[in-house]
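One-letter residues, chain by chain:
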Amino acid sequence: MKRSALAVILLLLVCGYAQAQGYRGRDFWICFPQNAIVEQNHALQLSIYITAESRATGTITNLLDSTTQNFTVEYGASIERDIDTEIEIRTSERTQRNSIHITSDQDISVFVVDHRPATTDSYMAIPTEFLGKEYVVVGYGTLRDGAYGFTSQATIAGTEDNTLITINLAGPTKNGLPKGRTLMIPLNRGETFQIQGSPESGDLTGSTVTATKPIAFYTGHTCAQVPTDISFCDILLEMEPPANDWDNSFILTKFAGKDYYVARVMANADLTEVSINGVKAATLKRGEFLEIDTFYHDAIITTSKPALVAQYCTSSNADTIRVGDPFMLIAIPTDRFIKETTTTSVVDTRFEHFLNIVVPDSGVTSLKIDGMMTALGKLPPGVTLASKRTLAAARSTVFSFRVPSGRHLVECNAPVAVYSYGFGLGDDNFDSYGHACGMRLDK
């Protein structure tokens, strides 16, 4: 690694301002983009998990039918609420009111699960106060499956009335709008708008979305194979942080049990240089991306200008021993690590759950899971160490812990990155989920 890039990473990992809590809040907007198609008896299940570090009460409002659910979360607990599947957004280029609004009297963490047998993904919701006005679509390549075409998709939820959305398309849409077309869409509070790619060549990655007021933004794919020529497919889903929270350095971690993973680096400015483990790999224009399709180990990515990095779990047939199918998560920039975060293993059926935690060497001895010091070897019940890898170039250690289902609290004296993911077992072994567990965001 070049000394300048290493110095940047070390500074960002130890700097004092990377302490603030991420993704805890009292107001959230939630959407459920389309998950594959109705197939056999694969019923759709939409769920929200809520955790709290102090007793919290609140309301879940369905804007589609104006129904509400009240909830109470006790200190250190987690609850699940099922959502009517009619809220799923199955259209492209159409304004609807398919959104969920969550409010609480105390800070909570919200996790969203979009599950259909053999195709599942999840995201940790970003509080309304941290939403922004500029985003870029990150999807994946089109999958043609008989009469169906599974494509990248992006979903927008308005949080204020009289919001004007501008979309510049990087690919053709499902309803025939060409690459290069600009859309101007007015949205009011709670209204939604989704774009899906063409069934033939509809990767919308690189499409830019700007708004006159803050919006909630969700990006991914209806059912992607990763890589595109290897079976099988799964929904890809993340709630994307706004462009003002993009940054310049990232540590990618290998998923337990998988042979390799894939990543895309998305540029938001011209002349963005991308380096992988200290070696220059590309120079990108705004809206361009670099795809690396065979990462076999943990990796360090640095960019000369702020970028977004998406990491993809591969299809099961890509593995020596078949484990799970694709999911997507957004990599946490190293200067946006946080000292404490809550997560919950979000699928209760036959799944094996993991946490990947990136810890600066200065914080290894202080890392705690559910209040127990991991350095002492006394892990909470059901938690085991799957692997521990030293990333010397970043003076960091990557831990992979196998964890039981339910809520987990991660704490450290140094800022860390936490990723939650899991793979189905037995008849569910073609299923998976994964998401980043919060980061420091700017208002």
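For every chain, the first residue of its written sequence is number 1, and the numbers climb from 1 along that sequence. Per-residue local features are limited, in this predicted model, to residues with pLDDT of at least 70; the limit for side-chain atom pairs, both in listing and counting, is 80 or more; totals at the level of whole chains, interfaces and linings are taken over all residues. For side-chain calculations, the full set of non-hydrogen atoms in the structure is used, while hydrogens and water are omitted.

> Go over the side chain of threonine 314 with me, naming the residues and quoting the values.
A helix here means a DSSP run of H or I that spans at least four residues, while a strand means a run of E at least two residues long, and both kinds are numbered starting from the N terminus. Locating threonine 314 in the fold gives a position in the loop between strand 23 (299–313) and strand 24 (328–330). With residues up to four places along the chain from it excluded, the contact list for threonine 314 reads Val226, Pro227, Lys258, Tyr260, Tyr261, Val262, Asp319, Gly324, Asp325 and Pro326. Any two residues whose heavy atoms approach within 4.5 Å at even a single point are treated as in contact.

> Residues and numbers for the packing of aromatic side chains, please.
Note on aromatic contacts: the rings of Phe and Tyr and the six-membered ring of Trp form a pair at centre separations within 6.5 Å, being stacked when their planes are under 30 degrees apart, edge-to-face when over 60 apart, and tilted otherwise. One pass over the structure, following the stated rule, counts 16 aromatic pairs. Where phenylalanine 354 meets phenylalanine 423, the ring centres are 6.3 Å apart and the plane angle is 55°; that geometry is what we call tilted. Of this pair, phenylalanine 354 sits in strand 26 (residues 351–360) while phenylalanine 423 sits in strand 31 (residues 406–424), placing them 69 residues apart in sequence. Burial classes: relative accessible area under 20% of the type maximum marks a residue as buried, over 50% as exposed, and values in between as partly exposed (1.4 Å probe, protein chains only). Judged by relative accessible area, which is 3%, phenylalanine 354 ranks as buried. Its relative accessible area of 2% is what places phenylalanine 423 among the buried residues. Note on phenylalanine 399 and phenylalanine 401: the rings are 5.7 Å apart at their centroids and 10° apart in plane angle, and the pair reads as stacked. On the basis of relative accessible area, phenylalanine 399 is assigned to the buried category, the value being 6%. Taken together, the ring pairs connect Phe255, Tyr261, Phe295, Phe327, Phe354, Tyr421 and Phe423 into an aromatic cluster.

> Can you lay out the pattern of salt bridges for me, pointing to particular residues and giving the numbers?
The salt bridge definition used is simple: a Lys or Arg side-chain nitrogen within 4 Å of an Asp or Glu carboxyl oxygen. Tallying each qualifying case throughout the model produces 18 salt bridges. Its salt-bridge partner being glutamate 134, residue arginine 286 comes within 3.0 Å of it at the nearest N-O pair. One end of the pair, arginine 286, is in the loop between strand 21 (279–284) and strand 22 (289–295); the other, glutamate 134, is in strand 9 (residues 132–136), with 152 residues separating them in the sequence. We classify glutamate 134 as partly exposed; its relative accessible area is 28%. A salt bridge links arginine 440 to aspartate 442; the shortest N-O distance between them is 3.2 Å. On the basis of relative accessibility, which here comes to 9%, the residue arginine 440 falls in the buried class. For aspartate 442, a relative accessible area of 29% puts it in the partly exposed group.

> Give me the lowdown on the state of the cysteines, citing residues and values where you can.
To count as a disulfide, a pair of cysteine sulfur atoms needs to be within 2.5 Å. Taken as a whole and assessed by the stated rule, the structure comprises one disulfide. What pairs with cysteine 223 in a disulfide is cysteine 233, and their sulfur atoms sit 2.0 Å apart. An S-S torsion of about 85° defines the bridge between cysteine 223 and cysteine 233 as right-handed. Placement of cysteine 223 in strand 16 (residues 208–224) and of cysteine 233 in the loop between strand 16 and strand 17 (234–239) is noted, with a sequence separation of 10 residues between them. No disulfide involves cysteine 437; its sulfur sits 15 Å from the nearest other cysteine sulfur, which is in cysteine 412.

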